[in-house]
Amino acid sequence: MLTLTEVAEDPHVLKRRLDLRDGTEVVFRTLTHTDAERLAGFLEGLSPESRRLSTYAGYDLAAARELCDAIARYDKLRLVLEEVPSGRIVGLLELSLALTPADIARYQEAGIRLTETTDCRFGPTLADDYQGRGVGTLAFPLIADVARRLGRTRIILWGGVLADNPRAIRYYEKNGFQPVGSFVGTDGSLSIDMMLDLEQVSSAGTSPTQRRGS
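Along each chain, numbering runs from 1 in the same order as the chain's sequence is written. Restriction of local features to residues with pLDDT of at least 70 applies here, the model being predicted, together with a cutoff of 80 or more for giving and counting side-chain atom pairs; totals for whole chains, interfaces and linings are based on all residues. To get the side-chain values, take all heavy atoms of the structure and skip hydrogens and water.

Asker: Outline the overall build of the protein, supporting the account with residue identities and numerical values.
Answerer: Runs of H or I in DSSP of at least four residues are treated as helices and runs of E of at least two as strands, each being numbered from the N terminus. Assigned secondary structure in the protein consists of seven helices and 10 strands. C-alpha atoms define the radius of gyration in this analysis, and the globule rule sets the expected value at 2.2 Å times the number of residues to the power 0.38. Its C-alpha atoms give the protein a radius of gyration of 16 Å, near enough to 17 Å, the size a compact globule of 214 residues would have. Viewed in the frame of its principal axes, the protein has a C-alpha envelope of about 45 × 35 × 35 Å. Note on classification: 1.4 Å probe, protein chains only; a residue is buried when its accessible area is under 20% of the maximum for its type, exposed when over 50%, partly exposed between these limits. Across the 214 residues that make up the protein, the buried fraction comes to 49%. Throughout, a residue-residue contact means that at least one pair of heavy atoms, one from each residue, lies within 4.5 Å. A separation of at least 24 residues holds for 68% of the contacts in the protein among residues at least 6 apart in sequence. Charge-centre separation for the protein: the mean point of 26 positive side chains lies 3 Å from the mean point of 30 negative side chains. Counted as positive: Lys and Arg. Counted as negative: Asp and Glu, with His and the chain ends omitted from the count. Charged side chains are reduced to one point each, which is NZ for Lys, CZ for Arg, CG for Asp and CD for Glu.

Asker: Before we move on, can you summarise the pattern of salt bridges with the specific residues and values?
Answerer: Counted as salt bridges are all cases of a side-chain nitrogen of Lys or Arg within 4 Å of a carboxyl oxygen of Asp or Glu. Going through the model one piece at a time under the given rule, you end up with 15 salt bridges. Here aspartate 164 and arginine 52 are joined by a salt bridge, their closest N and O atoms 3.2 Å apart. Of the two residues, aspartate 164 is situated in the loop between strand E7 (161–162) and helix H7 (166–174) and arginine 52 in helix H3 (residues 48–53); the sequence distance between them amounts to 112 residues. Given a relative accessible area of 49%, aspartate 164 falls into the partly exposed group. Between arginine 88 and aspartate 129 there is a salt bridge, with the nearest N and O atoms lying 2.7 Å from each other. Here the residue arginine 88 occupies a position in the loop between strand E3 (76–84) and strand E4 (89–96), and aspartate 129 occupies one in the loop between strand E5 (119–126) and helix H6 (135–149), the gap between them amounting to 41 residues. Among the ionic contacts, a cluster of salt bridges with common partners joins Arg29, Asp35, Arg38 and Glu82.

Asker: Explain the confidence of the model for the protein to me, and be specific about the residues and the numbers.
Answerer: If pLDDT is low for a region, its predicted coordinates should not be looked at in detail. Each residue carries a pLDDT score, the predictor's confidence in it, ranging from 0 to 100. For the protein, mean pLDDT is 92; residues scoring 70 or higher make up 94% of the total. Low pLDDT (under 50) marks residues 204–211, which in the prediction has 21 contacts with non-local residues, meaning those over four places away or in another chain.

Asker: Please give an account of the side chain of arginine 106 that cites residues and values.
Answerer: Of note, arginine 106 is situated in helix H5 (residues 101–109). The buried category is assigned to arginine 106, whose relative accessible area is 19%. With sequence-adjacent residues up to four places away left out, arginine 106 is seen in contact with Phe183 and Asp193.

In structure tokens:
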């Protein structure tokens, strides 16, 4: 079973190249300590609507440095999508191997027992100009494969998905997530909890549009 420490020591272990429908190439890889400035550019470039849908502690260089400094220190694995050949970060894909008490309580109410030995949380964010281009669909089988390699059998959404975000809901449903319940956040917004059982979907493989990184 792969560990976060092993990933941090060998960032290339998860690296893959993806070919988008329009011919654009992106690299799927782990976030590294040298990514702070490029990650800051990604965060700063998110529109107000994208920030509403994917909330971070900040959207500047300080926030980016904090995320990079956290590598292998906590329970998070952060991966990025990097545009080729510019090197621009166009996506941030986050996995957490820890569960919050609120997550556990909500799923318990739905009759589902979450455990940190089998479950993880997932939250993706794409640059505005990469939304709707199919990169999320190409990248998700790789995310599912990473979760399996980390010993997880189920994925839940990190903070749920906002009920007024139908495109994201369709994306999750397309990739096998099932709705579990709904809840109202501290800001009064309605969100939907969704879960994916990895044992019910096939393992990710290398296809013509998913190539191993060099």
